Amino acid sequence: MICKFCTNDRKLIKAHVIPAGFFKRLRSGKQAPKMLTNTPGEFPKKSPVGVYDAKLVCRACEDQFGDWDDYAQQLLKGEPSNGKKLFSGKRLVGYEVPTFEYAKMKLFFISLLWRASASSHSFYRRISLGPFERRAKEMIENQDPGSPEEFSVVLAKFDDELGTCILDPHPEKWDGVNYVRFYLSGYVAYVKVDKRKAPLPHARFILSERQPLYIIARNLRGSKEFPLMKKITNS
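Keep in mind that this is a model prediction, so the values were computed, not measured.

**Brief notes about the packing of helix α3 (residues 66-75) against helix α4 (residues 102-118)**
- The contact between α3 and α4 brings their axes to 8 Å, and the two run at 110°. When the axes of α3 and α4 are compared, the pair comes out roughly perpendicular. Between α3 and α4 the crossing geometry is left-handed. Residues W68, D69, Y71, A72 and L75 of α3 touch α4, and the partners they reach there are K104, M105, L107, F108, S111 and R115.
- Looking at the contact of α3 with α4 residue by residue, the class counts come to 7 nonpolar, 1 polar and 3 charged.

**Comments concerning the pairing of strand β8 (residues 170-174)**
- Every second residue of β8 is oriented toward a common face, the buried set being H170, E172 and W174 and the non-buried set P171 and K173.
- Here β8 pairs with strand β9 (residues 177-184) via 5 bridges, running antiparallel. Bridge assignment links K173 to a residue of β9, and that residue is N178.
- Connecting β8 to the antiparallel partner β9 that follows it, the hairpin turn spans 2 residues, and D175 within it adopts a positive phi of roughly 50°.

**Remarks on the pattern of salt bridges**
- Counted under the stated rule, the structure contains 11 salt bridges.
- With a shortest N-O distance of 2.9 Å, D69 and R115 are connected by a salt bridge. Placement of the pair is D69 in helix α3 and R115 in helix α4, with a sequence separation of 46 residues.
- Its relative accessible area of 0% is what places R115 among the buried residues.
- Notably, a salt bridge pairs R126 with D168, separated by 3.1 Å at the nearest N-O pair. Of this pair, R126 sits in the loop between α4 and α5 (132-141) while D168 is found in the loop between β7 (153-158) and β8, placing the two residues 42 residues apart along the sequence.
- Judged by relative accessible area, which is 41%, R126 ranks as partly exposed.
- Each of R135, E138, D144 and E150 takes part in one network of salt bridges that share partners.

Scoring rules and cut-offs
Residues numbered from 1 in each chain as written. Predicted model: local features only at pLDDT ≥ 70, side-chain atom pairs only at ≥ 80, totals over all residues. Heavy atoms only, no water. Axes fitted to C-alpha atoms, helices over the stretch in contact; angles between N-to-C directions. Helix = DSSP H or I, 4+ residues; strand = E, 2+ residues; numbered from the N terminus. Parallel < 35°, antiparallel > 145°, perpendicular 65-115°, else oblique. Left-handed = near helix turned anticlockwise from the far one by under 90°. Contact = heavy atoms within 4.5 Å. Nonpolar A, V, L, I, M, F, W, Y, C, P; charged D, E, K, R; others polar. Buried < 20%, exposed > 50% of the residue type's maximum accessible area, 1.4 Å probe, protein only. Pairing = 2+ DSSP bridges. Salt bridge = Lys/Arg side-chain N within 4 Å of Asp/Glu carboxyl O.

Structure (structure tokens):
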């Protein structure tokens, strides 16, 4: 079969878009995570290693994402690695990670975008980068994280362990600017897919080189996602 990254005819593997480690955090004792849906006619099914696509890439192309995937999983733990909690009075408003590897984190999110867009798995059906897919692939090939504004990333974290579920990614707009939202086992990543600049106030928190990484704390029970999570679970 044809690898979607190198375009060579090679044996393809069971490749993850969102790294398997984020799904493994969903385990409860010996019970494997389940994939739930509110789509009529579809039923829950076990997903012990998360969502993978056997028609995406070959081993050599999958391996080039490895360092970035590993780094993101190490940094975005239950509590961000080396992160300092930020409070407004007694209310948690976010986290500050004083130092981090910008290139690895940025390339992780660019590769996440490309893989989700190129994937034929139904979990990623709403993600299509269009003309930006070629640019994302070029940056991956050159290991070029680009400027903070190109495919800019803003990170948030739910304040409740119930938020560790992983919803399917989807496109959205902030003040008319196009973004893709990913869920990473308690974390939420907003990745800009647009040539226009990130709008305020989000522009203040984008992933940047030689600056601390700021992660916004989000209230789960007051979020739009919480009713959706309950609806999917009940259905």
